[in-house]
Amino acid sequence: MTEAVLDIDDVAVSLGDVRVLDGVSAAVDRGTFVGLVGPNGAGKTTLLRTLNAALRPDEGTVRVTGQNVAELSAKEVGRLVATVPQDTSLSFDFSVRQTVEMGRTPYLSRFGGMRPEDHELVDRAMKQTAVDEFADRAITAISGGERQRVLLARALAQDTPLVLLDEPTASLDINHQVRTLELVRELVDDGKTVVAAIHDLNLAAHYCDELLLLGEGRILASGPPESVLTESTLERAFGANAVVSRHPVTGSVYVTALPDQRTHGEADGRVHVVGGGGSAARHLYLLSAAGYDVSVGALNEGDSDTETARQLGLDTVTVNPFAPVDAAARKTVTEYVERADVTLVVDIEIGEGNLANLEAARAADELVLVETRPFAERNYAGESAARTYETLRSRATVVTPDEVLGAVTAAIERARTPTPAQHDY
Ligand SMILES: Nc1ncnc2c1ncn2[C@@H]1O[C@H](COP(=O)(O)OP(=O)(O)OP(=O)(O)O)[C@@H](O)[C@H]1O
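Residues numbered from 1 in each chain as written. Predicted model: local features only at pLDDT ≥ 70, side-chain atom pairs only at ≥ 80, totals over all residues.

(A) Spotlight on the overall build of the chain. A tally of helices and strands in the chain yields 15 helices and 18 strands. Per-residue burial for the chain yields a buried fraction of 42% across its 425 residues. Summarising the internal contacts of the chain: among those between residues at least 6 apart in sequence, 66% fall at separations of at least 24. (Helix = DSSP H or I, 4+ residues; strand = E, 2+ residues; numbered from the N terminus. Buried ≥ 20, exposed ≤ 12 C-beta atoms within 10 Å, placed from the backbone. Contact = placed C-beta atoms within 7 Å.)

(B) Up close: the site of the ligand. Looking at the ligand, the residues that line it are Leu15, Gly16, Val18, Val20, Gly38, Asn40, Gly41, Ala42, Gly43, Lys44, Thr45 and Thr46. Secondary structure elements with two or more residues in the shell around the ligand: strand E2 (18-29) and helix H1 (44-51). The leading source of residues in the shell around the ligand is H1, at three residues. Its residues assigned to classes, the shell around the ligand comprises four nonpolar, seven polar and one charged. (Near = placed C-beta within 6 Å. Nonpolar A, V, L, I, M, F, W, Y, C, P; charged D, E, K, R; others polar.)

(C) Structural detail: the sheet that holds strand E17 (residues 367-370). If you trace the six strands from one edge of the open sheet to the other, you get E15-E14-E13-E16-E17-E18, paired in parallel fashion. A strand with exactly one partner marks an edge of an open sheet, and here the two such strands are strand E15 (315-319) and strand E18 (397-399). Averaged over all pairs of adjacent strands, the angle between their axes in this sheet comes to 20°, without regard to strand direction. Of the pairings in the sheet, the one linking strand E13 (residues 270-274) to strand E16 (residues 342-346) comprises four bridges and is parallel in character. Following the sheet pairing, His272 is matched in E16 by Thr343. (Pairing = 2+ DSSP bridges. Axes fitted to C-alpha atoms, helices over the stretch in contact; angles between N-to-C directions.)

(D) Representation of the packing of helix H10 (residues 281-290) against helix H15 (residues 404-416) within the structure. Running from N to C, H10 and H15 cross one another at 50°; their axes reach a closest spacing of 10 Å. On the basis of their axis angle, the class for H10 and H15 is oblique. For the element pair H10 and H15, the recorded crossing hand is right-handed. In this structure, H10 uses His283, Leu286, Leu287 and Ala290 to contact H15, whose residues at the interface are Val404, Leu405 and Val408. Along the lines of polarity and charge, the residues of the contact of H10 with H15 split into six nonpolar, one polar and no charged. (Parallel < 35°, antiparallel > 145°, perpendicular 65-115°, else oblique. Left-handed = near helix turned anticlockwise from the far one by under 90°.)

(E) Focus on the packing of helix H4 (residues 116-128) against helix H5 (residues 144-157). One way to put it is that H4 packs onto H5 with a least axis distance of 8 Å and a crossing angle of 140°. Where H4 crosses over H5, the handedness of that crossing is right-handed. For the pair H4 and H5, the contacting residues are Leu121, Val122, Ala125, Met126 and Gln128 in the first and Ala153, Leu156 and Ala157 in the second. Residues belonging to the contact of H4 with H5 are distributed by class as follows: seven nonpolar, one polar and no charged.

(F) Structural context of the sheet that holds strand E4 (residues 59-64). Across the sheet, which stays open at both edges, the four strands sit in the order E2-E1-E4-E5 with antiparallel pairing between neighbours. Whereas interior strands pair on both sides, the edge strands pair on one side only; in this sheet they are E2 and strand E5 (67-68). Taken together, the two bridges between E4 and E5 define a ladder with antiparallel strand orientation. The residue bridging Arg63 from the neighbouring strand is Asn68, located in E5.

(G) The pairing of strand E6 (residues 81-84), seen in detail. Both faces of E6 are covered, namely the face carrying Val81 and Thr83 and the face carrying Ala82 and Val84. Two strands pair when backbone bridges link them, and E6 and strand E7 (residues 162-166) are joined in this way by four bridges, in the parallel orientation. Paired with Val84 across the strands is Leu165, a residue of E7.

(H) Here's a closer look at the environment of Ala82. Structurally, the position occupied by Ala82 is in strand E6. Sequence separation between Ala82 and Thr160 is 78 residues; the distance between their C-alpha atoms is 6.2 Å. Contacts of Ala82, omitting those with residues within four sequence positions, involve Gly103, Ala155, Gln158, Thr160 and Val163.

(I) Representation of the pairing of E4 in the model. The pairing of strand E1 (residues 4-15) with E4 spans five bridges and is classified as antiparallel. If you follow Asp9 over to E4, its bridge partner there is Thr61.

(J) Layout of the nonpolar core. One finds Leu36, Ala153, Val194, Val195 and Leu213 to be the most contacted residues of the largest nonpolar core, which totals 72 residues. With seven residues, the single largest contributor to this core is H5. Leave out the neighbours within four places in its chain, and Val194 touches Phe33, Val34, Val163, Leu165, Val184, Leu187 and Val188. Membership of the second largest hydrophobic core comes to 50 residues, among which are Val296, Ala309, Leu344 and Val404. (Core = buried A, V, L, I, M, F, W, Y, C linked by C-beta atoms within 7 Å.)

(K) Geometry of H5. Given a rise of 1.5 Å per residue, 14 residues ought to cover 20 Å, and the 20 Å separating the end C-alpha atoms of H5 matches this to within 8%. Looking at H5, one finds that the buried residues are Glu146, Gln148, Arg149, Val150, Leu151, Leu152, Ala153, Arg154, Ala155, Leu156 and Ala157. Among the structural elements, E6, helix H3 (96-101), H4, E7 and helix H6 (174-189) are those in contact with the buried residues of H5. Of the residues one or two after H5, Asp159 is the one with positive phi, at around 55°. (Expected span 1.5 Å × (residues − 1).)

(L) Here's a closer look at the environment of Leu203. Among the secondary structure elements, Leu203 is positioned in helix H7 (residues 201-207). Given 19 C-beta atoms within a 10 Å radius, Leu203 is considered partly exposed. It is 9.7 Å that separates the C-alpha atoms of Leu203 and Val253, two residues lying 50 residues apart in sequence. The residues touching Leu203, leaving out its near neighbours within four places in the chain, are Thr169, Gln177, Leu181 and Ile198.

(M) Expanded view of the confidence of the model for the chain. In this model, the chain carries an average pLDDT of 89, and 95% of its residues clear a pLDDT of 70 or more. Confidence metrics for the complex model read pTM 0.69 and ipTM 0.94. (pLDDT = per-residue confidence, 0-100.)

If you want it as C-alpha coordinates, here you go:
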(Lines give C-alpha, C1' and ligand atoms only; values in the text may rest on other atoms or scores of the structure.)
Protein backbone atom coordinates (compact mmCIF):
# COMPACT_ATOMS: atom_id res chain seq x y z
CA MET A 1 0.00 0.00 0.00
CA THR A 2 1.32 3.45 -0.86
CA GLU A 3 1.45 5.66 2.16
CA ALA A 4 -0.36 8.97 1.91
CA VAL A 5 2.03 11.94 1.66
CA LEU A 6 -0.78 14.13 2.91
CA ASP A 7 -3.42 13.09 5.39
CA ILE A 8 -6.11 15.59 6.36
CA ASP A 9 -8.25 14.32 9.19
CA ASP A 10 -11.51 16.04 10.16
CA VAL A 11 -10.09 19.56 10.01
CA ALA A 12 -12.08 22.56 11.22
CA VAL A 13 -10.81 26.14 11.04
CA SER A 14 -12.50 29.31 12.27
CA LEU A 15 -11.38 32.80 11.30
CA GLY A 16 -12.87 35.38 13.63
CA ASP A 17 -16.39 34.13 14.30
CA VAL A 18 -16.67 32.38 10.98
CA ARG A 19 -16.21 28.63 10.65
CA VAL A 20 -14.42 28.58 7.33
CA LEU A 21 -13.60 24.86 7.17
CA ASP A 22 -15.58 22.12 8.80
CA GLY A 23 -15.05 18.35 8.87
CA VAL A 24 -12.55 18.32 5.99
CA SER A 25 -10.83 14.96 5.46
CA ALA A 26 -8.76 13.72 2.54
CA ALA A 27 -5.74 11.55 1.85
CA VAL A 28 -3.35 12.16 -1.03
CA ASP A 29 -0.90 9.52 -2.21
CA ARG A 30 2.63 10.18 -3.42
CA GLY A 31 2.82 11.24 -7.05
CA THR A 32 -0.69 12.63 -7.22
CA PHE A 33 -1.80 15.99 -8.61
CA VAL A 34 -4.88 17.16 -6.73
CA GLY A 35 -6.89 20.15 -7.92
CA LEU A 36 -8.71 22.08 -5.24
CA VAL A 37 -11.77 23.58 -6.88
CA GLY A 38 -14.80 25.44 -5.65
CA PRO A 39 -16.51 28.82 -5.74
CA ASN A 40 -15.05 32.07 -4.36
CA GLY A 41 -14.95 32.00 -0.61
CA ALA A 42 -15.29 28.20 -0.41
CA GLY A 43 -12.17 27.93 1.75
CA LYS A 44 -9.50 26.83 -0.73
CA THR A 45 -6.85 29.32 0.40
CA THR A 46 -7.70 28.64 4.03
CA LEU A 47 -7.22 24.91 3.50
CA LEU A 48 -3.87 25.45 1.78
CA ARG A 49 -2.77 27.70 4.66
CA THR A 50 -3.74 24.96 7.10
CA LEU A 51 -1.77 22.39 5.14
CA ASN A 52 1.44 24.43 5.41
CA ALA A 53 0.80 25.21 9.09
CA ALA A 54 0.34 28.95 8.55
CA LEU A 55 -3.00 28.34 10.27
CA ARG A 56 -3.59 25.96 13.13
CA PRO A 57 -6.80 23.95 12.88
CA ASP A 58 -9.29 24.27 15.75
CA GLU A 59 -10.01 20.62 15.32
CA GLY A 60 -8.41 17.74 13.45
CA THR A 61 -4.90 17.18 12.14
CA VAL A 62 -2.85 17.62 9.01
CA ARG A 63 -0.07 15.08 8.54
CA VAL A 64 2.61 15.31 5.89
CA THR A 65 4.63 12.09 5.50
CA GLY A 66 3.08 11.04 8.78
CA GLN A 67 4.09 14.13 10.77
CA ASN A 68 1.56 16.47 12.35
CA VAL A 69 2.56 19.85 10.89
CA ALA A 70 1.05 21.77 13.81
CA GLU A 71 3.69 20.21 16.07
CA LEU A 72 6.70 21.03 13.87
CA SER A 73 8.97 24.08 13.78
CA ALA A 74 8.71 26.42 10.79
CA LYS A 75 12.01 25.07 9.49
CA GLU A 76 10.81 21.48 9.75
CA VAL A 77 7.59 22.34 7.91
CA GLY A 78 9.73 24.09 5.27
CA ARG A 79 11.42 20.78 4.48
CA LEU A 80 8.09 19.06 3.97
CA VAL A 81 5.85 21.64 2.31
CA ALA A 82 6.61 24.36 -0.25
CA THR A 83 3.97 26.91 -1.17
CA VAL A 84 3.40 29.22 -4.10
CA PRO A 85 0.99 31.83 -2.73
CA GLN A 86 -1.79 33.52 -4.64
CA ASP A 87 -0.52 37.00 -3.93
CA THR A 88 2.87 37.26 -5.53
CA SER A 89 3.49 40.93 -4.83
CA LEU A 90 6.84 41.19 -3.07
CA SER A 91 8.02 44.45 -1.68
CA PHE A 92 11.69 43.67 -1.16
CA ASP A 93 14.22 44.29 -3.84
CA PHE A 94 15.95 40.91 -4.17
CA SER A 95 17.07 39.58 -7.49
CA VAL A 96 15.28 36.66 -9.11
CA ARG A 97 18.16 34.34 -8.20
CA GLN A 98 18.22 35.49 -4.56
CA THR A 99 14.46 34.89 -4.34
CA VAL A 100 14.83 31.33 -5.64
CA GLU A 101 17.74 30.77 -3.24
CA MET A 102 15.37 31.53 -0.37
CA GLY A 103 13.87 28.11 -1.09
CA ARG A 104 17.01 26.57 0.42
CA THR A 105 16.64 28.37 3.78
CA PRO A 106 15.11 25.39 5.64
CA TYR A 107 18.27 23.38 4.93
CA LEU A 108 20.97 25.92 5.79
CA SER A 109 22.63 26.19 9.13
CA ARG A 110 22.51 29.59 10.69
CA PHE A 111 26.13 30.42 9.94
CA GLY A 112 26.86 28.40 6.82
CA GLY A 113 26.24 29.70 3.32
CA MET A 114 24.82 27.92 0.30
CA ARG A 115 26.51 24.61 -0.44
CA PRO A 116 27.22 23.32 -3.97
CA GLU A 117 24.12 21.08 -3.84
CA ASP A 118 22.01 24.10 -2.90
CA HIS A 119 23.26 26.00 -5.94
CA GLU A 120 22.55 22.99 -8.12
CA LEU A 121 18.94 22.77 -6.97
CA VAL A 122 18.49 26.52 -7.48
CA ASP A 123 19.92 26.39 -11.00
CA ARG A 124 17.76 23.43 -11.92
CA ALA A 125 14.58 25.04 -10.56
CA MET A 126 15.30 28.26 -12.49
CA LYS A 127 15.84 26.32 -15.71
CA GLN A 128 12.70 24.23 -15.27
CA THR A 129 10.57 27.34 -14.89
CA ALA A 130 12.47 29.32 -17.55
CA VAL A 131 13.28 32.17 -15.19
CA ASP A 132 17.04 31.79 -15.66
CA GLU A 133 16.77 34.22 -18.58
CA PHE A 134 16.23 37.07 -16.12
CA ALA A 135 18.07 35.64 -13.10
CA ASP A 136 19.78 38.89 -12.21
CA ARG A 137 16.78 41.18 -12.64
CA ALA A 138 15.14 42.62 -9.49
CA ILE A 139 11.98 40.78 -8.48
CA THR A 140 10.16 44.12 -8.54
CA ALA A 141 11.20 44.67 -12.16
CA ILE A 142 9.46 41.68 -13.74
CA SER A 143 5.82 41.08 -14.65
CA GLY A 144 3.23 39.43 -12.37
CA GLY A 145 3.28 36.25 -14.47
CA GLU A 146 7.06 36.08 -14.42
CA ARG A 147 6.98 36.58 -10.66
CA GLN A 148 4.61 33.66 -10.32
CA ARG A 149 7.11 31.46 -12.14
CA VAL A 150 9.93 32.73 -9.88
CA LEU A 151 7.92 31.69 -6.83
CA LEU A 152 7.31 28.30 -8.40
CA ALA A 153 11.08 28.04 -8.89
CA ARG A 154 11.57 28.93 -5.22
CA ALA A 155 9.11 26.15 -4.26
CA LEU A 156 10.95 23.64 -6.46
CA ALA A 157 14.32 24.64 -4.98
CA GLN A 158 12.80 23.87 -1.59
CA ASP A 159 12.78 20.22 -2.70
CA THR A 160 9.84 19.07 -0.54
CA PRO A 161 7.62 16.02 -0.96
CA LEU A 162 4.50 18.23 -0.98
CA VAL A 163 4.01 21.39 -3.04
CA LEU A 164 0.99 23.67 -2.61
CA LEU A 165 -0.03 26.07 -5.35
CA ASP A 166 -2.63 28.75 -4.86
CA GLU A 167 -3.95 29.69 -8.30
CA PRO A 168 -0.68 28.89 -10.08
CA THR A 169 -1.96 30.04 -13.45
CA ALA A 170 -4.00 33.07 -12.41
CA SER A 171 -1.82 35.74 -13.98
CA LEU A 172 -0.22 33.66 -16.69
CA ASP A 173 -0.82 33.98 -20.41
CA ILE A 174 -2.30 30.96 -22.15
CA ASN A 175 1.10 29.63 -23.22
CA HIS A 176 2.59 29.86 -19.73
CA GLN A 177 -0.57 28.41 -18.15
CA VAL A 178 -0.09 25.28 -20.19
CA ARG A 179 3.70 25.25 -19.73
CA THR A 180 3.36 25.63 -15.97
CA LEU A 181 0.79 22.87 -15.65
CA GLU A 182 2.79 20.61 -17.98
CA LEU A 183 5.78 21.19 -15.71
CA VAL A 184 3.74 20.44 -12.58
CA ARG A 185 2.48 17.30 -14.30
CA GLU A 186 6.07 16.19 -14.99
CA LEU A 187 7.10 16.84 -11.38
CA VAL A 188 4.15 14.77 -10.20
CA ASP A 189 5.00 11.97 -12.61
CA ASP A 190 8.50 12.01 -11.06
CA GLY A 191 7.01 11.48 -7.60
CA LYS A 192 6.13 14.89 -6.20
CA THR A 193 2.73 15.42 -4.65
CA VAL A 194 0.95 18.62 -5.55
CA VAL A 195 -2.23 20.25 -4.28
CA ALA A 196 -3.29 23.27 -6.32
CA ALA A 197 -6.24 25.61 -6.02
CA ILE A 198 -7.36 26.10 -9.60
CA HIS A 199 -10.32 28.18 -10.72
CA ASP A 200 -10.33 27.00 -14.30
CA LEU A 201 -12.24 23.72 -14.09
CA ASN A 202 -11.18 22.64 -17.56
CA LEU A 203 -7.49 23.08 -16.86
CA ALA A 204 -8.01 21.26 -13.55
CA ALA A 205 -9.86 18.41 -15.28
CA HIS A 206 -7.17 18.06 -17.90
CA TYR A 207 -4.11 18.07 -15.67
CA CYS A 208 -5.18 16.75 -12.26
CA ASP A 209 -5.46 13.12 -11.19
CA GLU A 210 -8.08 13.97 -8.62
CA LEU A 211 -10.24 16.92 -7.72
CA LEU A 212 -11.38 18.05 -4.31
CA LEU A 213 -14.50 20.17 -4.62
CA LEU A 214 -14.97 22.54 -1.69
CA GLY A 215 -18.18 24.40 -1.00
CA GLU A 216 -18.88 26.47 2.09
CA GLY A 217 -15.95 24.93 3.91
CA ARG A 218 -16.88 21.31 3.28
CA ILE A 219 -15.86 18.73 0.74
CA LEU A 220 -18.79 18.31 -1.65
CA ALA A 221 -17.12 15.74 -3.88
CA SER A 222 -13.72 14.18 -4.42
CA GLY A 223 -12.19 11.73 -6.85
CA PRO A 224 -11.24 11.60 -10.53
CA PRO A 225 -12.33 14.72 -12.49
CA GLU A 226 -15.10 12.91 -14.35
CA SER A 227 -16.73 11.81 -11.11
CA VAL A 228 -16.50 15.29 -9.51
CA LEU A 229 -17.45 17.51 -12.45
CA THR A 230 -21.02 16.48 -13.03
CA GLU A 231 -23.83 18.84 -13.94
CA SER A 232 -25.59 18.27 -10.63
CA THR A 233 -22.49 18.85 -8.45
CA LEU A 234 -21.66 22.00 -10.41
CA GLU A 235 -25.18 23.25 -9.88
CA ARG A 236 -24.89 22.50 -6.18
CA ALA A 237 -21.44 23.99 -5.66
CA PHE A 238 -21.49 26.97 -8.00
CA GLY A 239 -25.21 27.49 -8.57
CA ALA A 240 -24.11 27.34 -12.19
CA ASN A 241 -25.96 26.05 -15.15
CA ALA A 242 -23.29 24.03 -16.90
CA VAL A 243 -22.99 21.36 -19.52
CA VAL A 244 -20.40 18.66 -19.02
CA SER A 245 -19.05 16.97 -22.11
CA ARG A 246 -15.74 15.67 -23.42
CA HIS A 247 -13.30 18.01 -25.09
CA PRO A 248 -13.26 17.03 -28.78
CA VAL A 249 -9.47 17.31 -29.05
CA THR A 250 -8.07 16.29 -25.66
CA GLY A 251 -10.85 13.94 -24.56
CA SER A 252 -10.81 15.48 -21.04
CA VAL A 253 -13.98 16.27 -19.17
CA TYR A 254 -15.08 19.70 -20.36
CA VAL A 255 -17.35 22.14 -18.58
CA THR A 256 -19.25 24.86 -20.40
CA ALA A 257 -21.02 27.38 -18.18
CA LEU A 258 -24.24 28.63 -19.67
CA PRO A 259 -26.39 31.66 -19.08
CA ASP A 260 -29.09 31.17 -16.49
CA GLN A 261 -32.16 29.46 -17.93
CA ARG A 262 -34.30 32.06 -16.19
CA THR A 263 -32.92 34.66 -18.54
CA HIS A 264 -34.51 33.07 -21.57
CA GLY A 265 -33.71 34.44 -24.98
CA GLU A 266 -36.32 35.78 -27.36
CA ALA A 267 -35.83 33.36 -30.25
CA ASP A 268 -39.01 31.99 -31.73
CA GLY A 269 -39.36 28.62 -33.45
CA ARG A 270 -39.45 24.89 -32.96
CA VAL A 271 -36.44 22.61 -33.14
CA HIS A 272 -36.42 18.83 -32.92
CA VAL A 273 -33.10 17.27 -31.91
CA VAL A 274 -31.90 13.74 -32.68
CA GLY A 275 -28.92 12.81 -30.51
CA GLY A 276 -27.96 10.51 -27.68
CA GLY A 277 -25.16 9.49 -25.37
CA GLY A 278 -24.47 13.05 -24.25
CA SER A 279 -23.88 14.36 -27.79
CA ALA A 280 -26.96 16.57 -27.70
CA ALA A 281 -26.76 18.04 -24.16
CA ARG A 282 -24.89 21.18 -25.09
CA HIS A 283 -27.22 21.93 -28.01
CA LEU A 284 -30.32 21.30 -25.93
CA TYR A 285 -29.11 23.87 -23.40
CA LEU A 286 -28.05 26.47 -25.94
CA LEU A 287 -31.18 26.19 -28.07
CA SER A 288 -33.57 26.35 -25.15
CA ALA A 289 -31.55 29.16 -23.53
CA ALA A 290 -31.89 31.07 -26.79
CA GLY A 291 -35.67 30.72 -26.43
CA TYR A 292 -36.45 27.98 -28.98
CA ASP A 293 -39.12 25.43 -28.30
CA VAL A 294 -37.06 22.23 -28.26
CA SER A 295 -38.10 18.60 -28.49
CA VAL A 296 -35.74 15.63 -28.53
CA GLY A 297 -35.73 11.92 -29.23
CA ALA A 298 -36.05 9.15 -29.42
CA LEU A 299 -33.59 8.63 -26.59
CA ASN A 300 -33.05 5.73 -24.23
CA GLU A 301 -34.25 6.15 -20.67
CA GLY A 302 -31.20 6.76 -18.47
CA ASP A 303 -29.17 8.29 -21.30
CA SER A 304 -27.39 11.46 -20.15
CA ASP A 305 -29.15 13.44 -22.91
CA THR A 306 -32.46 12.24 -21.45
CA GLU A 307 -31.42 13.58 -18.05
CA THR A 308 -30.50 16.94 -19.57
CA ALA A 309 -33.79 17.10 -21.47
CA ARG A 310 -35.74 16.42 -18.26
CA GLN A 311 -33.78 19.08 -16.40
CA LEU A 312 -34.70 21.56 -19.12
CA GLY A 313 -38.33 20.44 -19.21
CA LEU A 314 -38.24 19.54 -22.92
CA ASP A 315 -40.70 17.37 -24.86
CA THR A 316 -38.81 14.09 -24.92
CA VAL A 317 -39.53 10.83 -26.71
CA THR A 318 -37.95 7.91 -24.88
CA VAL A 319 -37.69 4.17 -25.23
CA ASN A 320 -36.55 1.63 -22.66
CA PRO A 321 -32.83 1.40 -21.84
CA PHE A 322 -30.94 -0.36 -24.66
CA ALA A 323 -34.20 -1.05 -26.51
CA PRO A 324 -34.46 -0.13 -30.21
CA VAL A 325 -36.67 2.75 -31.35
CA ASP A 326 -39.94 0.91 -31.97
CA ALA A 327 -42.72 1.75 -34.41
CA ALA A 328 -44.72 3.76 -31.85
CA ALA A 329 -41.71 5.86 -30.87
CA ARG A 330 -40.81 6.36 -34.53
CA LYS A 331 -44.31 7.65 -35.20
CA THR A 332 -44.07 10.17 -32.35
CA VAL A 333 -40.63 11.29 -33.51
CA THR A 334 -41.98 11.79 -37.04
CA GLU A 335 -44.76 13.97 -35.62
CA TYR A 336 -42.25 16.09 -33.71
CA VAL A 337 -40.09 16.41 -36.83
CA GLU A 338 -43.09 17.50 -38.93
CA ARG A 339 -44.14 20.02 -36.33
CA ALA A 340 -40.63 21.50 -35.99
CA ASP A 341 -39.26 24.28 -38.18
CA VAL A 342 -35.84 22.63 -38.11
CA THR A 343 -34.51 19.20 -37.20
CA LEU A 344 -31.00 18.99 -35.79
CA VAL A 345 -29.15 15.68 -36.05
CA VAL A 346 -26.08 15.42 -33.82
CA ASP A 347 -23.42 12.96 -34.92
CA ILE A 348 -24.70 9.89 -33.23
CA GLU A 349 -23.70 6.31 -33.73
CA ILE A 350 -26.39 4.78 -35.89
CA GLY A 351 -26.86 1.21 -34.85
CA GLU A 352 -29.91 -0.95 -35.52
CA GLY A 353 -31.45 0.59 -32.42
CA ASN A 354 -31.77 4.15 -33.60
CA LEU A 355 -31.77 3.89 -37.37
CA ALA A 356 -35.48 4.67 -37.02
CA ASN A 357 -34.53 8.14 -35.72
CA LEU A 358 -32.75 8.90 -38.97
CA GLU A 359 -35.66 7.62 -41.01
CA ALA A 360 -38.03 9.83 -39.03
CA ALA A 361 -35.74 12.82 -39.64
CA ARG A 362 -36.42 12.44 -43.38
CA ALA A 363 -39.75 14.18 -42.80
CA ALA A 364 -37.92 17.43 -42.02
CA ASP A 365 -38.11 20.45 -44.34
CA GLU A 366 -35.00 21.98 -42.84
CA LEU A 367 -32.18 19.81 -41.58
CA VAL A 368 -29.00 20.74 -39.75
CA LEU A 369 -26.38 18.05 -39.27
CA VAL A 370 -23.60 18.34 -36.69
CA GLU A 371 -20.46 16.46 -37.65
CA THR A 372 -17.26 16.22 -35.64
CA ARG A 373 -15.91 13.17 -37.46
CA PRO A 374 -16.67 11.35 -40.69
CA PHE A 375 -19.64 9.01 -40.73
CA ALA A 376 -17.36 6.14 -41.75
CA GLU A 377 -15.54 6.43 -38.41
CA ARG A 378 -18.74 6.00 -36.44
CA ASN A 379 -20.66 2.85 -35.70
CA TYR A 380 -23.46 2.37 -38.12
CA ALA A 381 -25.68 -0.50 -39.00
CA GLY A 382 -24.53 -1.45 -42.45
CA GLU A 383 -25.20 -0.14 -45.94
CA SER A 384 -28.80 0.82 -45.44
CA ALA A 385 -27.94 3.11 -42.50
CA ALA A 386 -25.13 4.65 -44.54
CA ARG A 387 -27.51 5.32 -47.46
CA THR A 388 -30.16 6.86 -45.22
CA TYR A 389 -27.50 9.06 -43.68
CA GLU A 390 -26.08 10.10 -47.05
CA THR A 391 -29.57 11.05 -48.30
CA LEU A 392 -30.15 13.20 -45.24
CA ARG A 393 -26.71 14.74 -45.49
CA SER A 394 -27.17 15.73 -49.12
CA ARG A 395 -30.02 18.06 -48.18
CA ALA A 396 -28.75 19.22 -44.80
CA THR A 397 -26.67 22.15 -43.65
CA VAL A 398 -23.57 20.41 -42.25
CA VAL A 399 -21.97 22.31 -39.35
CA THR A 400 -19.48 22.01 -36.49
CA PRO A 401 -20.83 22.08 -32.90
CA ASP A 402 -20.02 25.79 -32.55
CA GLU A 403 -22.05 26.70 -35.61
CA VAL A 404 -25.31 25.09 -34.51
CA LEU A 405 -27.10 28.11 -33.11
CA GLY A 406 -26.35 30.24 -36.17
CA ALA A 407 -27.34 27.48 -38.58
CA VAL A 408 -30.60 26.74 -36.75
CA THR A 409 -31.51 30.43 -36.70
CA ALA A 410 -30.83 30.76 -40.41
CA ALA A 411 -32.80 27.61 -41.19
CA ILE A 412 -35.80 28.86 -39.21
CA GLU A 413 -35.72 32.12 -41.11
CA ARG A 414 -35.68 30.16 -44.35
CA ALA A 415 -38.52 27.93 -43.19
CA ARG A 416 -40.61 30.98 -42.36
CA THR A 417 -39.91 32.97 -45.49
CA PRO A 418 -42.67 32.07 -47.93
CA THR A 419 -41.44 30.57 -51.18
CA PRO A 420 -42.69 32.27 -54.36
CA ALA A 421 -45.22 29.49 -54.90
CA GLN A 422 -46.90 30.36 -51.62
CA HIS A 423 -47.47 34.02 -52.54
CA ASP A 424 -50.98 35.09 -53.35
CA TYR A 425 -50.93 36.57 -56.78
N1 LIG B 1 -9.31 36.76 8.41
C2 LIG B 1 -10.55 36.36 8.14
N3 LIG B 1 -11.55 36.57 9.01
C4 LIG B 1 -12.81 36.17 8.76
N5 LIG B 1 -13.16 35.52 7.64
C6 LIG B 1 -12.21 35.28 6.73
C7 LIG B 1 -10.86 35.68 6.92
N8 LIG B 1 -10.15 35.31 5.83
C9 LIG B 1 -11.03 34.69 4.98
N10 LIG B 1 -12.25 34.69 5.53
C11 LIG B 1 -13.47 34.09 4.92
O12 LIG B 1 -13.28 32.70 4.80
C13 LIG B 1 -13.93 32.21 3.64
C14 LIG B 1 -12.96 31.37 2.83
O15 LIG B 1 -11.95 32.20 2.28
P16 LIG B 1 -10.82 31.60 1.35
O17 LIG B 1 -9.93 32.72 0.97
O18 LIG B 1 -10.23 30.41 1.98
O19 LIG B 1 -11.69 31.14 0.10
P20 LIG B 1 -11.22 30.68 -1.36
O21 LIG B 1 -11.98 29.44 -1.65
O22 LIG B 1 -9.75 30.62 -1.44
O23 LIG B 1 -11.78 31.85 -2.24
P24 LIG B 1 -11.27 32.47 -3.66
O25 LIG B 1 -11.65 31.48 -4.71
O26 LIG B 1 -12.10 33.71 -3.78
O27 LIG B 1 -9.79 32.73 -3.58
C28 LIG B 1 -14.46 33.43 2.90
O29 LIG B 1 -15.84 33.53 3.17
C30 LIG B 1 -13.70 34.57 3.52
O31 LIG B 1 -14.47 35.75 3.51
